[in-house]
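Chain residues, written in single-letter form:
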Amino acid sequence: EPDALLLLDQTRLPAEEHYRRCTSAEDVEDAIRRMQVRGAPAIGIAAAHGLALAMQGARTEDPEAWGATLQRHAARLAGARPTAVNLAWAVRRAAGAAHRALERTGDAAQALATLEAEARAIEAEDRAICEAIGVHGETVIPDGARVLTHCNAGALAVSAWGTALAPIHRMHARGRAVRVFADETRPVLQGARLTAFELQRSGVDVTLITDNMVAHLMARGEIDLVLVGTDRITANGDVVNKIGTLGVAVLARHFGVPFWVACPSSTWDPETAAGTDVAIEERAPEEVTHVGGVAVAPAGIRVRNPAFDVTPAELVTGVITEHGIARPPVGAALEQLLRRTRDPAVA
Ligand code: MRU
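Thresholds, definitions, all that
- Residues numbered from 1 in each chain as written.
- Predicted model: local features only at pLDDT ≥ 70, side-chain atom pairs only at ≥ 80, totals over all residues.
- Heavy atoms only, no water.
- Helix = DSSP H or I, 4+ residues; strand = E, 2+ residues; numbered from the N terminus.
- Expected span 1.5 Å × (residues − 1).
- Polar contact = N/O pair within 3.5 Å; in protein donor to acceptor, adjacent residues only side chain to side chain.
- Pairing = 2+ DSSP bridges.
- Axes fitted to C-alpha atoms, helices over the stretch in contact; angles between N-to-C directions.
- Contact = heavy atoms within 4.5 Å.
- Buried < 20%, exposed > 50% of the residue type's maximum accessible area, 1.4 Å probe, protein only.
- 1 Å grid on protein atoms, 1.4 Å probe; cavity = no way out; pocket = protein on both sides within 12 Å on 5 of 7 lines; lining within 4 Å.
- Points joined across faces, edges and corners; volume = space filled by probe spheres on them.
- Nonpolar A, V, L, I, M, F, W, Y, C, P; charged D, E, K, R; others polar.

This next bit is on helix α5 (residues 108–138). An ideal rise of 1.5 Å per residue puts 45 Å on 31 residues; α5 measures up with 45 Å between its terminal C-alpha atoms. Two or three places before Ala109, at the opening of α5, Asp107 has a side-chain oxygen 2.9 Å from that residue's backbone nitrogen.

Put into structure tokens, the structure is as follows:
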């Protein structure tokens, strides 16, 4: 809506389809922290819209003060979750466009119009990116393949179609046979609550398993490939993604199952050398001690709850982006692929 951002509250899925109406940057920041909106590209898009909402309420008479307010809101929104690079990327891109417009025109009203347009552009581009990932990703999935995915890197995590699930949605739309195994993804159950919901609703053949069933199914030859999303890929090709991804990748290597990663180029973070340099978000203990609000552990138990892990580049079969597929060495291949798309003269 012109003065509000409506977010499908993912914490209530699949039981309830409830939209949270955000009218301020604080609302959007809170929705990101609570994971009512989640998934690397989706939190970036939401934050860009959140920044535009915040600045709609700011006074435009004093351009300098307007610029300072923009900076303050941008810093808050970018800090809502630390691991996915897309969040900071989208906020930086939207705020940067607004700052440049302010410098050029000295007019805060024009800078606001630029900011709103940039937020819409980020979302529109994300839709096109999902489609392109679907086109490239489909080429690595054989007919009738049984695909394991972890967490939710589908339509709920982006603007449309998803990253890891884009090739699946595309295959389904084109009548190609594909079967998906969605693991639950404890502690927050994005696999059970979101991926299973999304694929079932789309009519895709999906089977839910618990996280500890992956090794058994791989050992029996029941999984042909793994396809996951990611929150950040570092310069050396390490893949930071939902906690549990590393375990799946290690199993895939052991059982000779290809391990594919899909993401937009905004997930590539060449400024960070390796996965060990990335801040891994630690979330509230209740996510581990409770399931659906019910305690499943003794009160007062000590808990660890890292929300992400790092899969070393050497375990990755390839990275599917909107510009094509990067194969090992993944870091160097991504660098080459993305440099070439910025400058087609680079061979
Ligand atoms: O904590 P979440 O649910 O935001 O984590 C999401 C993931 O780990 C996804 O796999 C990743 O963001 C890619 S989404 C296209």
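This part is about the sheet that holds strand β5 (residues 205–209). Across the sheet, which stays open at both edges, the seven strands sit in the order β5-β4-β3-β6-β9-β14-β15 with mixed pairing between neighbours. In the strand order of this sheet, the two ends are held by β5 and β15 (324–326), each with one partner. On average, adjacent strands in this sheet sit at an angle of 25° to one another, irrespective of strand direction. Taken together, the three bridges between strand β9 (residues 259–262) and strand β14 (residues 318–321) define a ladder with parallel strand orientation. Bridged to Trp260 within β14 is Gly318. Set on the sheet, helix α9 (residues 245–255) makes contact with β3 (145–149), β4 (178–183), β6 (225–228) and β9; between it and β9 the angle comes to about 140°.

To continue, consider the environment of Arg340. By secondary structure assignment, the location of Arg340 is in helix α11 (residues 330–342). Classification of Arg340 as partly exposed rests on a relative accessible area of 34%. Sequence separation between Arg340 and Ala78 is 262 residues, and the spatial gap between their C-alpha atoms is 28 Å.

What follows is about empty space enclosed by the protein. Enumeration over the complete set of coordinates arrives at two cavities of 30 Å³ or more. Estimates place the volume of the largest cavity at around 190 Å³. If you trace the largest cavity, you find 21 residues lining it, with Arg38, Gly39, Ala40, Asn152 and Asp231 closest to the centre. Elements with a contribution of two residues or more to the lining of the largest cavity: α2 (40–56) and β8 (239–242). Tallied by class, residues from the lining of the largest cavity come to nine nonpolar, eight polar and four charged. Quantified by volume, the second largest cavity comes out at close to 50 Å³.

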